[in-house]
Amino acid sequence: MILYRCRSETNSINTEENDVVYKRYNDDKRLITDKDKLQLTNETEVIIYREDAFHEDVVVDLQGHEGQFEELKAQILFAAANLCQMDCIAQEYDTDAQFADHYEVAYIRLDAPDTIRMTYFGVCENTEFDVVFLRTDKGLVLKSFGAV
């Protein structure tokens, strides 16, 4: 179980093993954490991070649950508010110093009220994998990391 926190104010931090973890998806101007600004786009997606020079939009995919958009806003906002932290945990778990250069978050699914699934796409190669988190009373816990 990983209870790592990414709280540095800089763009990167050193972990205990001196691996660098890059803080991505933390630009407050691009991160959508106001429930009144959440919008359903493409019929099933909610943008929670607007693209920047380095990353595409990050969306929460509500496919099959788009009728519950209003009820899911609190979960969507939680995923948005913790996007950077979850990405930092994934980088630390993988231990590849090039993780931030090779992979980016493509979309997020809310599998259950306490489960967030982040799907990463490869930037340099055609690959994708899921990183799944459980939301507990103690914070986020990494549940699984692996291929789709």
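Reading the values: rules and limits
- Residues numbered from 1 in each chain as written.
- Predicted model: local features only at pLDDT ≥ 70, side-chain atom pairs only at ≥ 80, totals over all residues.
- Heavy atoms only, no water.
- 1 Å grid on protein atoms, 1.4 Å probe; cavity = no way out; pocket = protein on both sides within 12 Å on 5 of 7 lines; lining within 4 Å.
- Points joined across faces, edges and corners; volume = space filled by probe spheres on them.
- Helix = DSSP H or I, 4+ residues; strand = E, 2+ residues; numbered from the N terminus.
- Nonpolar A, V, L, I, M, F, W, Y, C, P; charged D, E, K, R; others polar.
- Core = buried A, V, L, I, M, F, W, Y, C linked by side-chain atoms within 4.5 Å.
- Buried < 20%, exposed > 50% of the residue type's maximum accessible area, 1.4 Å probe, protein only.
- Contact = heavy atoms within 4.5 Å.
- Expected span 1.5 Å × (residues − 1).
- Polar contact = N/O pair within 3.5 Å; in protein donor to acceptor, adjacent residues only side chain to side chain.
- Bend = angle between axes of the 7 residues up to and from the residue.
- Pairing = 2+ DSSP bridges.

### Let's talk about empty space enclosed by the protein
- Inspection of the entire model under this criterion finds two cavities of 30 Å³ or more.
- One number sums up the size of the second largest cavity: a volume of about 30 Å³.
- As for the second largest cavity, its lining consists of Gln-75, Phe-78, Leu-110, Pro-113, Asp-114, Thr-115, Ile-116 and Arg-135.
- Only helix H1 (69-81) and strand S7 (115-122) provide two or more residues apiece to the lining of the second largest cavity.
- Each residue belonging to the lining of the second largest cavity can be placed in one class, and the counts come to four nonpolar, two polar and two charged.

### A closer look at the nonpolar core
- Among the nonpolar cores identified, the biggest contains 34 residues, and Ile-76, Leu-83, Ile-108, Met-118 and Tyr-120 are the most heavily contacted of them.
- Elements represented by at least two residues in this core include exactly strand S4 (45-49), strand S5 (58-61), H1, helix H2 (83-94), strand S6 (103-112), S7, strand S8 (128-136) and strand S9 (139-147).
- Sorting elements by how many residues they give to this core places H1 first, with seven residues.
- Met-118 has contacts with Leu-83, Met-86, Asp-87, Val-105, Tyr-107, Ile-108, Phe-129, Asp-130, Val-131 and Phe-133, leaving out every residue within four places of it along the chain.

### Quick notes on H2
- Relative to the 16 Å expected for 12 residues at 1.5 Å per residue, H2 spans 17 Å between its end C-alpha atoms, a close match to the ideal helical length.
- Taking burial as the measure, the 12 residues of H2 include 10 buried ones, the bulk of the element.
- After H2 finishes, the residue Thr-95 shows a positive phi value of roughly 65°.

### Considering the environment of Arg-117
- Structurally, the position occupied by Arg-117 is in strand S7.
- Of the residues examined, Arg-117 reaches a relative accessible area of 26% and is grouped as partly exposed.
- As for Arg-117 and Tyr-107, which are separated by 10 residues in sequence, their C-alpha atoms are 8.5 Å apart.
- In this structure the side chain of Arg-117 is engaged in a polar contact, spanning 3.1 Å, whose partner is the side chain of Asp-130.

### A word on H1
- Spanning 13 residues, H1 covers 17 Å between terminal C-alpha atoms, matching the ideal 18 Å at 1.5 Å per step.
- Remark: the principal bend of H1, roughly 30°, maps to Gln-75.
- Those residues of H1 not exposed but buried are Phe-69, Leu-72, Lys-73, Gln-75, Ile-76, Leu-77, Phe-78, Ala-79 and Ala-80.

### What about the pairing of S4?
- Direction of pairing for strand S3 (residues 40-41) relative to S4: antiparallel, over a ladder of two bridges. Bridged to Leu-40 within S4 is Val-46.
- The hairpin formed by S3 and S4 contains three residues between the paired strands, and Asn-42 there has a positive phi angle of roughly 50°.
- Relative to S5, S4 is paired through four bridges, and the arrangement is antiparallel. Among the inter-strand pairings, Val-46 is bridged to a residue of S5, identified as Val-60.

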